[in-house]
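Examination of the molecular architecture
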Amino acid sequence: METIVKPSHDREQANLKDYEKVYASYGWLQAEACMTGLPGHHGLNMAYEAVDRHVQVFHQGDKVALRWCPQTGPVIDMTWQELMEQTARFANGLTALGLQQGDAVFALCPRQPEFYVAVLGSLKHRCLFSPLFVGFGPGPLHARMQSGHARVLVTTRALYQTKVKAIRTELPDLHYVVLIDADPGSVLDKGCISYREWMDASSPHYAIGPTSAEDAALIHFTSGTTGRPKGSLHVHEAIIAHHVSAQFALDLRAGDVFWCTADPGWATGIFYGILAPLSNGATVLVDGGEGDAERWYQLLETQKVNVWYTEPAAIRRLMQSGEEASQRYRYEDLRLIASGGEPLTAEAVRWGEKVFRKPIHDTWWQTETGSIMIANFRSTDIRPGSMGRPLPGIHAGVLKRQEGRLVPAAVDEEGELALRTPWPSLFRACIGREDSYRKSFVDGWYLTGDLVRRDADGYFWFEGRVDDVIKSSGHWIGPFEVESVLMEHPAVAEAAVIGKPDPMHYEVGHAFVTLKPNHMTHEDLRLEILDFARERLGPALAPRDLVIQSELPHTRSGKLMRRLLKAQVLGEPVGDMSPQGLGEVFV
Ligand code: AMP
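What counts, and where the lines are drawn
Residues numbered from 1 in each chain as written. Predicted model: local features only at pLDDT ≥ 70, side-chain atom pairs only at ≥ 80, totals over all residues. Heavy atoms only, no water. Pairing = 2+ DSSP bridges. Helix = DSSP H or I, 4+ residues; strand = E, 2+ residues; numbered from the N terminus. Contact = heavy atoms within 4.5 Å. Axes fitted to C-alpha atoms, helices over the stretch in contact; angles between N-to-C directions. Near = heavy atom within 4 Å. Polar contact = N/O pair within 3.5 Å; in protein donor to acceptor, adjacent residues only side chain to side chain. Areas by Shrake-Rupley, 256 points an atom, 1.4 Å probe, with all protein chains shown as cover. Phe/Tyr/Trp six-rings, centres within 6.5 Å; stacked < 30°, edge-to-face > 60°. Buried < 20%, exposed > 50% of the residue type's maximum accessible area, 1.4 Å probe, protein only. Parallel < 35°, antiparallel > 145°, perpendicular 65-115°, else oblique. Left-handed = near helix turned anticlockwise from the far one by under 90°. Domains from an automatic or database assignment. Salt bridge = Lys/Arg side-chain N within 4 Å of Asp/Glu carboxyl O. Expected span 1.5 Å × (residues − 1).

1. Concerning the sheet that holds strand β2 (residues 76–79)
Pairing between the strands of a sheet is mediated by backbone hydrogen bonds and can be parallel or antiparallel. Spatially, β2-β1-β11-β10-β12-β13-β14-β15-β16 is the arrangement adopted by the nine strands of the open sheet, whose pairing is mixed. Each having just a single partner strand, β2 and β16 (389–390) make up the two edges of the open sheet. Two elements, strand β14 (residues 360–364) and strand β15 (residues 374–375), share two bridges in a ladder whose sense is antiparallel. Residue pairing for β15: Thr 363 is matched across the bridge by Ala 375. Those strands touched by helix α11 (residues 267–279) are β1 (64–70), β10 (257–260), β11 (283–288) and β12 (307–310), and its axis lies near 170° from that of β10. The sheet contacts of helix α15 (residues 346–356) involve β12, β13 (336–340) and β14, and relative to β14 the element is tilted by about 145°.

Set out below in structure tokens:
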């Protein structure tokens, strides 16, 4: 088996120098000690750990917390002092709107500083914060805001006009829309507020109220095979795991320039794009640009990035753009490159070595786990293609069903990845899907839904999913959510959506539909249904391709057999059609 042996200076200089030794003795109490806690022993608040303590306790108020590089124009820095004041204004603004602890604030924003202020200001006010992905269309936005009872939405004028205005009347809880680019005094619609005017009217001083470590903080929506989107609920205590996992897996430390390329509409963008680096005292680089390869290489050099956390889809894009652009820049400050969210191929790990003279470190986790669980560390050898080994504090197992019971799988045998509960960032509820939440916990384990194997040295290897959810460019697509929209088209009788392997996006949504009587199969109708889905779902969820068939395969109980359709697309044998084979065992 190929192994990349780490040089001795990596072992000596890493935060986690001796993996085996630390892993054997580490406990979450040690992690908790990294937190300051609210003044007066008033609990643990994410925003305090990420922002205020750097001013009030560490006296680093003049250091840069956030560096925003817009597509064009000058770079804008925000110090910890400024971030503390801005987030205080935001929290005071929420008080003025009558929001109380536990009320939900949603944001649908491009990458710009107002979004970061909204996240941290909401957490300060002890509201529940939920990010929305700008690639969603009105349908998915409505489903998420309705399920999470959004009271306030922070967005731009353009996003409001194109995606939110039409669904506003169907969101009775949504009282206010804060528009980050609306001129003071301008009123777009009832309940719309100019961010600038609202912030200017608020005080820059805010004392965070008592916050219990178990108070709800964030909801992130992900997709399951069936049903509506699932809202993973995380509590303030999760910051403990964000903080230490970034030290262990990303080798992050105070003073670093840290660039997480994940979109802030997803869990990675919040946990590792905001909370983990800020709590560690690192400067967060925010790229407001379009993300072409040349720009990325240039940012790595000019912004002196020390730690870069990205994703396989982005790495594939860079790999495809050729080596010429990468060779025009130097990466002298870059200490560690990591990736997460999708399988990272051995080829991509080695590409990192060729271009940056550093391998790419794969990390594994889920929205539900709330922080990195398995990783390749700076100090440990890499087996390219493997997800690595569990973080200190995390006990991972591989389980299989035997006679109705969960038993450990043998070395190199495939089974479901399971994690021993609890840990601080584990999700505490699944909004809208309480049944599926309960089913994911068995005998003290959290069952992840991922199929893996563990080799004799404890390295984990990703094999697939037990269910039909689709991963495209690092984002989940729930087949049911897409199928429901396709079936709203007047000509569609039934729909099934599968993930088709794709060299750039890992998978893309591929739809199959049957037609209602009196509708004829023809190209215009096929394209019309695709357009219909794209308009309602947005580009992130809409299927790339669609096939009209005379029928779709079902189990005897009438359940759609997406696996069979997938086999059809791949030209593979149909395989095991038992309920186990259909992925019904663990879900
Ligand atoms: P999300 O909740 O969007 O972060 O997605 C989590 C899922 O993405 C996992 O359950 C895996 O199926 C997949 N995933 C995340 N990281 C990796 C990785 N390093 N290798 C393989 N699959 C991954």
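2. Notes on the site of the ligand
The local shell around the ligand holds 15 residues, among which Thr 363, Gln 366, Thr 367, Asp 450 and Lys 471 are the closest. Contact between the ligand and Thr 367: an oxygen atom at 2.7 Å from a side-chain N or O atom of the residue. Its free accessible area being 500 Å², the ligand has 95% of it covered by the protein chains. If you list the elements that add at least two residues to the shell around the ligand, you get β14 and β23 (460–465). With three residues, β14 is the largest single contributor of residues to the shell around the ligand.

3. As for the packing of aromatic side chains
Under the counting rule described, the total for this entry stands at 29 aromatic pairs. Between Tyr 195 and Trp 198, the ring centres sit 6.4 Å apart and the planes meet at 50°, which makes this aromatic pair tilted. Here the residue Tyr 195 and the residue Trp 198 both occupy positions in helix α9 (residues 195–200), the gap between them amounting to three residues, near one helical turn. For the residue pair Tyr 195 and Trp 198, the accessibility class agrees, reading buried in each case. A centroid spacing of 5.6 Å and a plane angle of 75° characterise the contact between Phe 427 and Tyr 446, whose relative ring orientation is edge-to-face. Highlighted residues: Phe 427 in the loop between β19 (415–420) and β20 (429–431) and Tyr 446 in strand β22 (residues 445–454), separated in sequence by 19 residues. For the pair formed by Phe 427 and Tyr 446, the shared burial category is buried.

4. Description of the packing of helix α5 (residues 80–96) against helix α6 (residues 113–124)
For any two helices packed against each other, the geometry is given by the interaxial angle and the distance between the axes. Interhelical geometry of α5 versus α6 gives an angle of 60° and a closest axis separation of 8 Å. The angle between the axes of α5 and α6 places the two elements in the oblique class. Note on packing geometry: the crossing formed by α5 with α6 is right-handed. Contacts from Leu 83, Met 84, Gln 86, Thr 87, Ala 88, Phe 90, Ala 91 and Leu 94 in α5 reach Val 117, Ala 118, Leu 120, Gly 121, Ser 122 and Lys 124 in α6.

5. Description of the pairing of β11
Within β11, five of the six residues are buried, leaving the element largely enclosed by the surrounding structure. Alignment of β1 against β11, held across five bridges, turns out to be parallel. Counted as the bridge partner of Cys 69 is Asp 287 from β11. Examined bridge by bridge, β10 and β11 share three bridges and lie parallel to one another. Pairing of Phe 258 across the sheet is with Val 284, part of β11.

6. So, the domain arrangement of the chain
Assigned domains of the chain: these are domain 1 (8–448) and domain 2 (470–582). The C-alpha-based centres of domain 1 and domain 2 are spaced at 31 Å. Taken together, the contact pairs 24 residues of domain 1 with 23 residues of domain 2. Glu 481 is paired through a salt bridge with Arg 144; the nearest N and O atoms lie 2.8 Å apart. Those elements that place two or more of their residues in the side of domain 1 that touches domain 2 are α7 (138–147) and α13 (312–320).

7. Some thoughts on the side chain of Gln 366
Within the fold, Gln 366 resides in the loop between β14 and β15. Since its relative accessible area comes to 10%, Gln 366 is described here as buried. What Gln 366 contacts, discounting residues up to four positions off in sequence, is Tyr 446, Thr 448, Asp 450 and Arg 465.

8. Some points on the pattern of salt bridges
Enumeration according to the criterion identifies 38 salt bridges in this entry. A salt bridge links Arg 328 to Glu 324; the nearest nitrogen and oxygen atoms lie 3.4 Å apart. Given a relative accessible area of 59%, Glu 324 falls into the exposed group. As a salt-bridge pair, Arg 453 and Glu 463 come within 2.9 Å of each other at their nearest N and O atoms. Within this pair, whereas Arg 453 is found in strand β22, its partner Glu 463 is found in strand β23, the two being separated by ten residues in sequence. Since its relative accessible area comes to 37%, Glu 463 is described here as partly exposed. Beyond isolated ion pairs, a larger network of salt bridges with shared partners links Asp 10, Asp 251, Arg 253, Asp 256, Arg 335 and Arg 378.

9. Comments concerning helix α10 (residues 238–249)
In an α-helix, one turn spans 3.6 residues, which is why side chains three or four residues apart end up on the same side. When the terminal C-alpha atoms of α10 are compared, their 16 Å separation across twelve residues agrees well with the 16 Å that a helix rising 1.5 Å per residue should span. Burial within α10 is extensive, with eleven of its twelve residues counted as buried. Inspection of α10 places Ala 238, Ile 239, Ile 240, Ala 241, His 242, His 243, Val 244, Ser 245, Ala 246, Phe 248 and Ala 249 among the buried residues, and these make up the whole buried set. Looking one or two places after α10, you find Asp 251, whose phi comes out positive at around 55°.

10. Some thoughts on the pairing of strand β5 (residues 150–155)
The buried fraction of β5 amounts to five of the six residues, a majority that puts the element mostly inside the structure. Two strands pair when backbone bridges link them, and strand β3 (residues 104–108) and β5 are joined in this way by five bridges, in the parallel orientation. Its bridge partner being in β5, Ala 104 is matched across the sheet by Ala 150. Strand direction decides the pairing type here: β5 and strand β6 (residues 176–179), joined by four bridges, are parallel. The partner of Val 154 across the bridge, within β6, is Val 178.

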